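The residues making up each chain are set out below.
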Amino acid sequence: MDTRDNSRPDRAAWDQDEARRIITRCAALKGGLMEALHGIQGAFGYIPAESYDMLADAFNLSGAEVYGVKSFYHDFRDTPAGHHVIKICQAESCQARGSRLLTAHVEKLLGIRLGETTANERITLEPVYCLGNCAVSPNITINDKLYGRMDEDRLEGLLGKLG
Ligand code: FES
């Protein structure tokens, strides 16, 4: 059994100098805005609103344009994630095999909706749109580890094993 702890490592608190270093490193790259967004989320666990103006300046965009790019991609968060991140595939194949019912079950179990984090910051529940594993739908990830052929009982068992 895989016993690695893939849960979220502790993230740094917002640090303007660190954000500036990340952005400066990416500013000259092709596709640098995406690199910078990934870098900032990697460092802080989400995209702090304080970074929008810095990104806008570096990439010669408006803050609204930066926000638009960030919002287009579901992986970028507005708030820090919980200690564990569970993603449930909402794309066609997984939907056809019960991912909506699975989602509703987990939402009820945790008392949160997709896109939310439990009050104790333990678990974040997020949608994902195809994990490339459609043959064994429905699929989920827990802390980036992929699980296929998921059902309510199995998911409850996995939740019970999370620290
Ligand atoms: S639709 Fe869910 S993995 Fe492809």
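Residues numbered from 1 in each chain as written. Predicted model: local features only at pLDDT ≥ 70, side-chain atom pairs only at ≥ 80, totals over all residues. Heavy atoms only, no water.

## Quick notes on the domain arrangement of the protein chain
How big an interface is tends to be expressed through the accessible area that disappears when the partners come together. Put simply, the rule reads: Note that the domain bounds reflect an automated or database-derived domain assignment.
With domains assigned, the protein chain is organised as domain 1 (16–72) and domain 2 (84–161). For domain 1 versus domain 2, the distance between C-alpha centres works out to 29 Å.

## Some points on the environment of His84
So the rule is basically this: Here a helix means four or more residues in a row that DSSP labels H or I, a strand means two or more in a row labelled E, and each is numbered from the N terminus.
Mapped onto the fold, His84 is located in strand E1 (residues 84–89). For the pair His84 and Ala135, spaced 51 residues apart in sequence, the C-alpha to C-alpha distance is 26 Å.

## Structural notes on the packing of helix H3 (residues 51–59) against helix H4 (residues 63–72)
The cut-off we apply is this: Fitted lines through C-alpha atoms give the axes, limited to the stretch in contact for helices. The angle between two N-to-C directions lies from 0 to 180 degrees. Geometric relationships in this document are graded by angle, where less than 35 degrees denotes roughly parallel, more than 145 denotes roughly antiparallel, 65 to 115 denotes roughly perpendicular, and other angles denote oblique. Contact definition: two residues touch when any of their heavy atoms are within 4.5 Å. Residues were grouped as follows: Ala, Val, Leu, Ile, Met, Phe, Trp, Tyr, Cys and Pro as nonpolar; Asp, Glu, Lys and Arg as charged; and all remaining residues, including Gly, as polar.
In the contact formed by H3 and H4, the axes pass within 8 Å of each other and the chain directions differ by 105 degrees. Taken together, the axes of H3 and H4 lie roughly perpendicular to each other. Counted together, Tyr52, Leu55 and Ala56 of H3 and Gly63, Val66, Tyr67 and Lys70 of H4 form the full contact between these two elements. A per-class count over the contact of H3 with H4 returns 5 nonpolar, 1 polar and 1 charged.

## Brief notes about the side chain of His84
Where we set the bar: The rule is simple: take the accessible area with a 1.4 Å probe, protein chains only, and divide by the maximum for that residue type; under 20% is buried, over 50% is exposed, in between is partly exposed. A 3.5 Å cut-off defines polar contacts: any pair of N or O atoms within that distance qualifies, except that in protein one atom must be a possible hydrogen donor and the other a possible acceptor, and neighbouring residues in sequence count only when both atoms are side-chain atoms.
A residue is classified by how much of its surface remains accessible, and His84, at 3% relative accessible area, is buried. At 2.9 Å, the side chain of His84 forms a polar contact with the side chain of Asn143.

## Regarding unusual backbone geometry
Residue Ser137 is joined to Pro138 through a cis peptide bond whose omega torsion reads -5 degrees. By the secondary structure assignment, Pro138 is in the loop between strand E2 (123–128) and strand E3 (140–142). Within the chain, Glu121 stands out as a residue other than glycine whose phi angle is a positive 60 degrees. Within the secondary structure, Glu121 is located in the loop between helix H6 (99–110) and E2. Classification of Glu121 by relative accessible area gives exposed; the value is 56%. A positive phi angle, near 75 degrees, is found at Asp144, a position not held by glycine. Residue position: Asp144 is located in the loop between E3 and strand E4 (145–147). Under the relative-accessibility criterion, Asp144 is labelled exposed at 67%.

## A closer look at the sheet that holds E2
To be explicit about the condition: Two strands qualify as a pair provided DSSP detects at least 2 bridges between them.
Read from one edge of the open sheet, 4 strands run E2-E1-E3-E4, paired in mixed fashion. Taken across any chain shown, the strands that pair with only one partner, and hence form the sheet edges, are E2 and E4. Averaged over all pairs of adjacent strands, the angle between their axes in this sheet comes to 25 degrees, without regard to strand direction. Bridge count for E3 against E4 is 3 bridges, and the pairing is antiparallel. Residue Ile140 lies in a different strand from E4, and its bridge partner there is Tyr147. Here helix H7 (residues 152–161) sits on the sheet in contact with E1, E2, E3 and E4, set at roughly 10 degrees to E3.

## Points about H3
Buried within H3 we find Ser51, Tyr52, Met54, Leu55, Ala56 and Phe59. Looking at the residues trailing H3, positive phi occurs at Asn60, about 55 degrees.

## Quick look at the pattern of salt bridges
In plain terms, the rule: Salt bridges, as used here, are contacts in which a Lys or Arg side-chain nitrogen is within 4 Å of a carboxyl oxygen on Asp or Glu.
Going through the model one piece at a time under the given rule, you end up with 6 salt bridges. Here Glu18 makes a salt bridge to Arg21, at a shortest N to O gap of 3.2 Å. In this pair, Glu18 and Arg21 both sit in helix H1 (residues 16–27), 3 residues apart, roughly one turn of the helix. In this structure, Glu107 and Arg113 form a salt bridge, with 3.5 Å as the shortest nitrogen-oxygen distance. Note on Glu107: relative accessible area 15%, which makes it buried. Classification of Arg113 as exposed rests on a relative accessible area of 53%.

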